[in-house]
Amino acid sequence: MVSRVIPVETFDLVIFGGTGDLARRKILPALFRRFQAGQMPEESRIIGAARSEMGTKEFRAFVGEAIGEFIPAEEAPAKAVENFLRHISYVAVDARGTDGWSDLSAQVRQDVIQAFYFSVAPALFGDLAERLHEHGIAGPESRIVVEKPFGRDLESAHALNATLAAHFDEHQIYRIDHYLGKETVQNLMAVRFGNILFEPLWNAQYVDHVQITVAETVGVEGRGAYYDLSGAMRDMVQNHMMQLLCLIAMEPPSQFEPDAVRDEKLKVIRALDPVAPAEIVRGQYKAGNGRPSYVEGVENPDSRTESFIAMRVDIANWRWKGTPFYLRTGKRLKSRMSEIVVTFREPPHSIFGEEAGKSANVLVIRLQPDEGITLRVTIKEPGPGGMRLVDVPLDMTFAEALGPDADDIPDAYERLIMDVIRGNQTLFMRGDEVEAAWAWTDPIIAAWSDKGDRPLPYETGSTGPEDALMLLHRDGRRWREIEV
Ligand code: NAD
């Protein structure tokens, strides 16, 4: 199989916050990889724009270091890095002042695709949007890319949307959720809508329940101050996990087109039942393995913010009534692992009798590590001794099915940035989706905040508080192991 690199048109990409952590770790290495894949037209330019006083030469050195740090040496030959750096320049600008804007205006061309990556604090989005227009830099077809967090509640998200809408039309705004850029997430859609096998079974009649787990081994580390204002519900559930839930639960869109897909996702969010406090378990990790506890990490001994959350979510529509979705995410857990598990119901009647054992089909969509999709099917245990049933995996792991090309799968940021250049918003969140997700999240958070609830302590390296296990046991179900 030959991997296809779809050409894009010549572009100018301005990275506001080009000297920041996200640019260094994700955006710049992703751009280098796309350059290496032959996806960057010769005349395209990347312009770093940030407050730091430096020139193009220093910024190129910064980019070279970022590539050295985040891309294996054998994939970044010196000559290639040098060629890539020729596309790069830097302008010092102050989002809140006047410095640098006329320089930037002189650098950004009007006759090529323009994209502006707002890799800065959301408080600066309005200033950037305003100045891009004031200085005649952005036009009606320019694109802007914004990062999470997109607000911290409905009110702030609505205000942020209004700020952007004052200067940009919705078709110009790309709200990034890097989970949507993952190969497996798109494969989920290919599996669902590219096969006749699954869709007829994809409903409450045949699906017993769905589990979505995003487990991390890291704690808050250096991000304590930021994280403590947010917590797992805001940082993970409202955005990433909600998006995954939508892709599993949505109706088939009529086309794989931005608004067709986003309309269906929005309908799912609007159909979510409110979640009662009894359906939620919140946790906070304790000190362990020589690492500090959550409260030590955020330097707030009285913090009530959760670093773990597990919850049962019900969708009030015909397709899903009676099939719960269980969400679970947390820090300092046993392994780093993200997956979606669709457990089908058992066959209505076993012709093999009790002693053959029971079984149910399970579709596991693994996002990390080792992205891939596995379908567990029931067969006869080989050998004599009568009919005993056993589960075996039908493995759709890309590395095996696609051979060496699997190594060329772009990472989420690579794909999403190229989608911005191509003008394809399918994998980006629309403003009304984000607001609907907050409208569902806000009362849940308010309920525990009003009561002053404290999260339950849990051991570092565990699967979270015991009560999270009970959440499923109670319903006669169990979580899949958090293991790699
Ligand atoms: P950072 O603090 O490392 O970098 C901030 C950048 O903004 C710097 O380049 C700085 O020079 C620039 N900046 C600050 N004030 C400015 C001003 N007045 N005018 C012009 N430039 C200014 O931040 P970061 O971690 O790179 O995060 C950037 C954005 O991405 C934030 O919105 C953050 O929430 C989001 N985000 C970051 C990560 C991550 O892993 N770092 C992950 C997801 C989302």
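Residues numbered from 1 in each chain as written. Predicted model: local features only at pLDDT ≥ 70, side-chain atom pairs only at ≥ 80, totals over all residues. Heavy atoms only, no water.

### Looking at the sheet that holds strand β2 (residues 45-50)
Sheet strands associate in pairs through backbone hydrogen bonding, adopting either a parallel or an antiparallel arrangement.
Part 1 of the reasoning: Taken together, the six strands give an open sheet; going across it, the order is β3-β2-β1-β4-β5-β6, and neighbouring strands pair in parallel fashion. If you trace the sheet from one side to the other, it starts and ends with β3 (88-92) and β6 (173-175), each paired once. In this sheet, neighbouring strand axes are inclined to one another by 20 degrees on average, regardless of whether the strands run parallel or antiparallel.
Part 2 of the reasoning: Bridge count between β2 and β3: five bridges; the pairing is parallel. Of the residues in β3, the one forming a bridge with glycine 48 is tyrosine 90. (Pairing = 2+ DSSP bridges. Helix = DSSP H or I, 4+ residues; strand = E, 2+ residues; numbered from the N terminus. Axes fitted to C-alpha atoms, helices over the stretch in contact; angles between N-to-C directions.)

### Notes on the packing of helix α1 (residues 21-36) against helix α13 (residues 412-422)
Part 1 of the reasoning: Following both chains from N to C, one finds α1 and α13 inclined at 70 degrees, their axes separated by 8 Å at the closest point. Here α13 runs roughly perpendicular to α1, going by the angle between their axes. Across the interface between the two elements, Leu22, Lys26, Ile27, Ala30, Leu31, Arg33 and Arg34 of α1 pack against Tyr413, Glu414, Ile417 and Met418 of α13. (Parallel < 35°, antiparallel > 145°, perpendicular 65-115°, else oblique. Contact = heavy atoms within 4.5 Å.)

### Observations concerning the UniProt feature "binding site: NADP(+)" (unreviewed entry) in the protein chain
Part 1 of the reasoning: Here the UniProt feature "binding site: NADP(+)" (unreviewed entry) sits at Gly17, Gly18, Thr19, Gly20, Asp21, Leu22, Ala23, Arg24, Arg51 and Lys148.
Part 2 of the reasoning: Structurally, glycine 18 is set in the loop between β1 (11-16) and α1.
Part 3 of the reasoning: Residue glycine 18 is classed as buried on the basis of its relative accessible area of 0%.
Part 4 of the reasoning: Look past the residues within four positions of glycine 18 in its chain and what remains in contact with it is Ala23, Leu28, Ala49, Ala50, Phe59 and Phe62.
Part 5 of the reasoning: Note that aspartate 21 resides in helix α1. (UniProt positions renumbered as here; feature names shortened; annotations may be inferred. Buried < 20%, exposed > 50% of the residue type's maximum accessible area, 1.4 Å probe, protein only.)

### Some words on the site of the ligand
Part 1 of the reasoning: Around the ligand, a shell composed of 21 residues is seen, among which Thr19, Asp21, Arg25, Ala95 and Val120 lie nearest.
Part 2 of the reasoning: Contact between the ligand and threonine 19: an oxygen atom at 2.7 Å from a side-chain N or O atom of the residue.
Part 3 of the reasoning: Aspartate 94 has a polar side-chain atom sitting 3.1 Å from a nitrogen atom of the ligand.
Part 4 of the reasoning: Relative to its unbound accessible surface of 830 Å², the ligand loses 75% to contact with the protein.
Part 5 of the reasoning: In terms of residue count, the dominant contributor to the shell around the ligand is α1 (three residues).
Part 6 of the reasoning: By residue class, the composition of the shell around the ligand is nine nonpolar, six polar and six charged. (Near = heavy atom within 4 Å. Polar contact = N/O pair within 3.5 Å; in protein donor to acceptor, adjacent residues only side chain to side chain. Areas by Shrake-Rupley, 256 points an atom, 1.4 Å probe, with all protein chains shown as cover. Nonpolar A, V, L, I, M, F, W, Y, C, P; charged D, E, K, R; others polar.)

### Brief notes about the packing of aromatic side chains
Part 1 of the reasoning: Applying the stated criterion across every chain yields a total of 17 aromatic pairs.
Part 2 of the reasoning: Centre to centre, the rings of phenylalanine 59 and phenylalanine 62 are 5.8 Å apart; their planes meet at 20 degrees, and the pair counts as stacked. Of the two residues, phenylalanine 59 and phenylalanine 62 both sit in helix α2 (residues 56-70), three residues apart, roughly one turn of that helix. For the pair phenylalanine 59 and phenylalanine 62, one class covers both residues: buried.
Part 3 of the reasoning: A centroid spacing of 5.7 Å and a plane angle of 85 degrees characterise the contact between tyrosine 285 and tyrosine 294, whose relative ring orientation is edge-to-face. For the pair tyrosine 285 and tyrosine 294, one class covers both residues: buried. (Phe/Tyr/Trp six-rings, centres within 6.5 Å; stacked < 30°, edge-to-face > 60°.)

### Let's talk about the domain arrangement of the protein chain
Part 1 of the reasoning: Segmentation of the protein chain into domains returns domain 1 (11-147) and domain 2 (180-473).
Part 2 of the reasoning: A separation of 33 Å is found between the C-alpha centroids of domain 1 and domain 2.
Part 3 of the reasoning: The interface of domain 1 with domain 2 comprises 16 residues on the first partner and eleven residues on the second.
Part 4 of the reasoning: Of the roughly 1,200 Å² buried at the junction of domain 1 and domain 2 (both faces included), carbon and sulfur atoms supply 72%.
Part 5 of the reasoning: Where domain 1 packs against domain 2, one counts two salt bridges.
Part 6 of the reasoning: For the side of domain 1 that touches domain 2, the elements supplying multiple residues, two or more each, are β1, α1, β4 (113-118) and β5 (143-146).
Part 7 of the reasoning: Split into classes, the residues belonging to the side of domain 1 that touches domain 2 amount to ten nonpolar, one polar and five charged. (Domains from an automatic or database assignment. Buried area = accessible area lost by both parts, 1.4 Å probe. Salt bridge = Lys/Arg side-chain N within 4 Å of Asp/Glu carboxyl O.)

### Observations regarding the side chain of asparagine 239
Part 1 of the reasoning: In this structure, asparagine 239 sits in helix α9 (residues 231-249).
Part 2 of the reasoning: Accessibility expressed as a relative area gives 8% for asparagine 239, which makes it buried.
Part 3 of the reasoning: If we ignore the near neighbours within four places in the chain, the residues touching asparagine 239 are Lys148, Asp177 and Arg234.

### Describing helix α6 (residues 154-165)
Part 1 of the reasoning: Look at α6: 16 Å from first C-alpha to last across twelve residues, which is about the 16 Å you get at 1.5 Å a residue.
Part 2 of the reasoning: Regarding α6, the residues found buried are Ala157, Leu160, Asn161 and Leu164. The arc that holds the buried residues of α6, viewed along the axis, is 100 degrees, so those residues lie on one side. (Expected span 1.5 Å × (residues − 1). Arc of directions from axis to C-beta.)

### Thoughts on the pairing of strand β9 (residues 308-313)
Part 1 of the reasoning: Counting buried residues in β9 gives six out of six residues, a clear majority hidden from the surface.
Part 2 of the reasoning: Going residue by residue along β9, you find Phe308, Ala310 and Arg312 tucked away on one face and Ile309, Met311 and Val313 tucked away on the opposite face as well.
Part 3 of the reasoning: Judged from the four bridges that link them, strand β8 (residues 280-285) and β9 form a sheet pairing that is antiparallel. Within β9, the residue paired with valine 281 across the bridge is alanine 310.

### Notes on unusual backbone geometry
Part 1 of the reasoning: Lysine 148 connects to proline 149 through a cis peptide bond whose omega is 5 degrees.
Part 2 of the reasoning: By secondary structure assignment, the location of proline 149 is in the loop between β5 and α6.
Part 3 of the reasoning: The step from glutamine 368 to proline 369 runs through a cis peptide bond, and the omega angle for that step is -15 degrees.
Part 4 of the reasoning: Along the chain, proline 369 falls in the loop between β12 (362-368) and β13 (372-380).
Part 5 of the reasoning: In this structure, asparagine 289 is a non-glycine residue whose phi angle is positive, near 50 degrees.
Part 6 of the reasoning: For asparagine 289, a relative accessible area of 65% gives the class exposed.

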